[in-house]
Amino acid sequence: LRGALRAVVTESRAALGFAARSPLVSLLGAGARGGAGAHDAARDDGSVVLLPQRLLMAMGLSFWVVILLTCAVCVGALWLDAAIVETVAEASAARAQLASGATNWEAALAGAWLPWAMGLGLALEGLDAGTLALLRRILRGALVGGAVLVAAAVAWGWRLTCTSYRRHVRALRRGQALFDRSRFDVAGMGRYIGFQVVHTIIGWAILAVLAALVGVVALPLALSHPAVGVLGPALYEGAAARARALTVRLLKVAVTPLAFQFVMDRFVFLRDGWFRYRLVHSLYDYNFIYCNAVIGIFVVATRAVLVVVVTALSLPRLDVPILPPSMVPADPGHRAFIAMLLADHQYTNPTLCVFAEIMTLALGDARRRRAMVIVDRLQRLAAASRERR
């Protein structure tokens, strides 16, 4: 036992230092995770952290669904392009038919959507061929580019999730957990895969809606730019004038006072963490109450936008709690992630795995020696019995 413990210390130093010099260390977690070939060994800064099968399965399923959704959007872009061509052709045919005095029974029996489609077709028919082709390319590029950007954002979120997992594992190996372990346990780790896949899909949908809103605002402005010329320049010029006026107002009301207060607080009134010129600072602080109340309106709007954007970006990631620190255990998705993390740490801890492996080998050696002793004794007894005969 003393020799086994001495070997545990030697092997554990190599394992905890993540320098895989031993075949035991290279196979850590094989019993609990399904074999060394089922892991992704991620190396950075000389360290090795093996990603568990649950995380890899959730990642694979999420990527599969995101790829399907991205392909669906790309196919929808091609369908929209074909629909534009068909709408323009039908509008041209309807115009010619009405001009000849014939009756269009298809238009009479069609639904309420046909007048809108015909109006759009007639409007597009009025454009020249080069402008219409440019508009179709812009629409296709916007849809396909938006789908690819949303998929890239989801992939980047998964990269951040894997980085966060490795950081948590290293902290647990050092005995410095990044969360309160007394408020979490391994129960519920089986819910992680389902929770993570659904969160990834919903997060993709939210990002797609945000990208669509940005496109609805940006696309008309791009089409009305004088360099493009698809729409009249009045829309672009009016939006540019309003943006300039809003920027000037924000600079006057919020940005300049905030910058002034930052410079005064950081470089004039503060030295080595202590305030100086306290009388002047008290007058300065008192006179900025009304100004800060006005700036507070801008700050409230900024915080509201940040909450929406950060929540939308963080929702697909179960490693990031979306609740305040005091309410983090009430987040079922984050609890599932921490449960998986704790189960991985408890059952694939390098020290535990190396100790169990060495004790198993020591137990096998002890049984082998005991069996050899028994065999040797039986052989002596058999020899003595033959001599007595």
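Here, the structure is the one placed above.
An account of the accompanying structure is given in this report. (Residues numbered from 1 in each chain as written. Predicted model: local features only at pLDDT ≥ 70, side-chain atom pairs only at ≥ 80, totals over all residues. Heavy atoms only, no water.)

**As for the overall build of the protein chain**
Keep this limit in mind: Numbering of helices and strands runs from the N terminus, with a helix taken as a DSSP run of H or I at least four residues long and a strand as a DSSP run of E at least two residues long. Here the term buried applies to any residue with accessible area under 20% of the maximum for its type, exposed to any over 50%, and partly exposed to those in between, with areas from a 1.4 Å probe on protein chains only. We get accessible surface area from the Shrake-Rupley algorithm with a probe of 1.4 Å; when it comes to residues, only the shown protein chains can shield them.
Secondary structure assignment for the protein chain yields 13 helices and four strands. Residue burial in the protein chain is summarised as follows: out of 389 residues, 28% are buried. Here the protein chain displays about 24,700 Å² of accessible surface, and carbon together with sulfur accounts for 68% of that area.

**Things to note about the packing of helix 7 (residues 129–173) against helix 12 (residues 332–347)**
Between two packed helices, the angle of one axis relative to the other and the distance separating the axes together describe the packing. Short version of the rule: For helices, the fitted axis covers only the stretch in contact; all axes are lines through C-alpha atoms, and the angles between them, taken along N-to-C directions, range from 0 to 180 degrees. Geometric relationships in this document are graded by angle, where less than 35 degrees denotes roughly parallel, more than 145 denotes roughly antiparallel, 65 to 115 denotes roughly perpendicular, and other angles denote oblique. Two helices crossing with the near one rotated counterclockwise from the far one by less than a right angle form a left-handed crossing, whereas a clockwise rotation gives a right-handed crossing. Throughout, a contact is declared for two residues whenever any of their heavy atoms are within 4.5 Å. The nonpolar class holds Ala, Val, Leu, Ile, Met, Phe, Trp, Tyr, Cys and Pro. Asp, Glu, Lys and Arg form the charged class, and all remaining residues, Gly among them, are polar.
One can describe the packing of helix 7 onto helix 12 by two numbers: an axis separation of 11 Å at closest approach and a directional angle of 50°. Judged on the interaxial angle alone, helix 12 and helix 7 are oblique. Every pair of crossing elements has a handedness; the one defined by helix 7 and helix 12 is right-handed. Every residue of helix 12 that contacts helix 7 at Thr161, Tyr165, His168, Val169, Leu172 and Arg173 is listed here: Phe337, Met340, Leu341, Leu342, Asp344 and His345. Broken down by class, the residue content of the contact of helix 7 with helix 12 amounts to seven nonpolar, three polar and two charged.

**A few points about the environment of Gln196**
The topology assignment puts Gln196 in helix 8 (residues 192–223). Assessed through its relative accessible area of 2%, Gln196 is described here as buried. Separated by 137 residues in sequence, Gln196 and Gly333 have C-alpha atoms that sit 7.6 Å apart. Sequence-distant contacts of Gln196, that is, excluding residues within four places in its chain, are made with Ala58, Ser62, Trp158, Pro316 and Leu318.

**Some details on the pattern of salt bridges**
We count it as follows: What counts as a salt bridge is simple: a side-chain nitrogen of Lys or Arg found within 4 Å of a carboxyl oxygen of Asp or Glu.
Under the defined criterion, the tally for this structure stands at five salt bridges. We note a salt bridge from Arg140 to Asp81, for which the minimum N-O separation is 2.9 Å. Note that Arg140 is positioned in helix 7 and Asp81 in helix 4 (residues 53–99), a separation of 59 residues in sequence. Note on Asp81: relative accessible area 13%, which makes it buried. For Arg380, the salt bridge identified is with Asp376, shortest N-O distance 2.2 Å. Separated by four residues within a single helix, Arg380 and Asp376 lie in helix 13 (residues 350–388), roughly one turn from each other.

**Remarks on a nonpolar patch on the surface**
For the record, the criterion: Note that patches include only residues with greater than 30% relative accessible area and no salt bridge, and the join distances are 9 Å for like charges and 5 Å for nonpolar side chains (Val, Leu, Ile, Met, Phe, Trp, Tyr).
On the surface, a nonpolar cluster with roughly 440 Å² of combined accessible area is contributed by Trp79, Leu80, Leu143, Val144 and Val148. Secondary-structure elements contributing two or more residues to the nonpolar patch are helix 4 and helix 7. Counting residues per element, the nonpolar patch draws most heavily on helix 7, at three residues. Structurally, Leu143 can be placed in helix 7.

**Concerning the packing of aromatic side chains**
Operational definition: To pair, rings of Phe, Tyr and Trp, with the six-membered ring standing in for Trp, must have centres within 6.5 Å; the planes then decide the type, stacked if under 30 degrees apart, edge-to-face if over 60, and tilted in the middle.
Overall, the coordinates contain eight aromatic pairs when judged by the stated rule. When the centroid spacing of 6.2 Å and the interplanar angle of 80° are considered together, the rings of Tyr165 and Phe337 count as edge-to-face. Pair noted here: Tyr165 is in helix 7 and Phe337 is in helix 12, with a separation of 172 residues, a long-range link. The class of Phe337 is buried, set by a relative accessible area of 0%. Each ring, one from Phe179 and one from Phe184, has its centre 5.6 Å from the other, and the planes form 85°; the classification is edge-to-face. Under the relative-accessibility criterion, Phe179 is labelled buried at 15%. Among the residues examined, Phe184 registers a relative accessible area of 10% and is labelled buried. Through successive ring pairs, a cluster of aromatic residues spans Phe260, Phe269, Tyr284 and Phe288.

**Some details on the environment of Ile193**
On the secondary structure map, Ile193 appears in helix 8. Overall, Ile193 belongs to the buried group, its relative accessible area being 16%. When neighbours within four sequence positions are excluded, Ile193 is seen to be in contact with Arg54, Met57, Ala58 and Leu61.

**A few points about unusual backbone geometry**
Here the phi dihedral of Tyr277 falls at roughly 50°; this positive angle occurs in a residue that is not glycine. Mapped onto the secondary structure, Tyr277 falls in the loop between strand 4 (274–275) and helix 10 (278–287). Residue Tyr277 is classed as partly exposed on the basis of its relative accessible area, which comes to 48%.

**A short note on the nonpolar core**
As a reminder, the rule being used: What makes a nonpolar core is a set of buried Ala, Val, Leu, Ile, Met, Phe, Trp, Tyr and Cys residues whose side-chain atoms join them at distances within 4.5 Å.
Of all hydrophobic cores here, the largest spans 28 residues; its most connected members are Tyr165 and Tyr192. At the level of secondary structure, the elements contributing two or more residues to this core comprise helix 4, helix 7, helix 8 and helix 12. Of all the elements, helix 7 adds the most residues to this core, at eight residues. Setting aside residues no more than four positions away along its own chain, Tyr192 makes contact with Arg54, Leu55, Ala58, Trp158, Leu318, Ala336, Phe337 and Met340.

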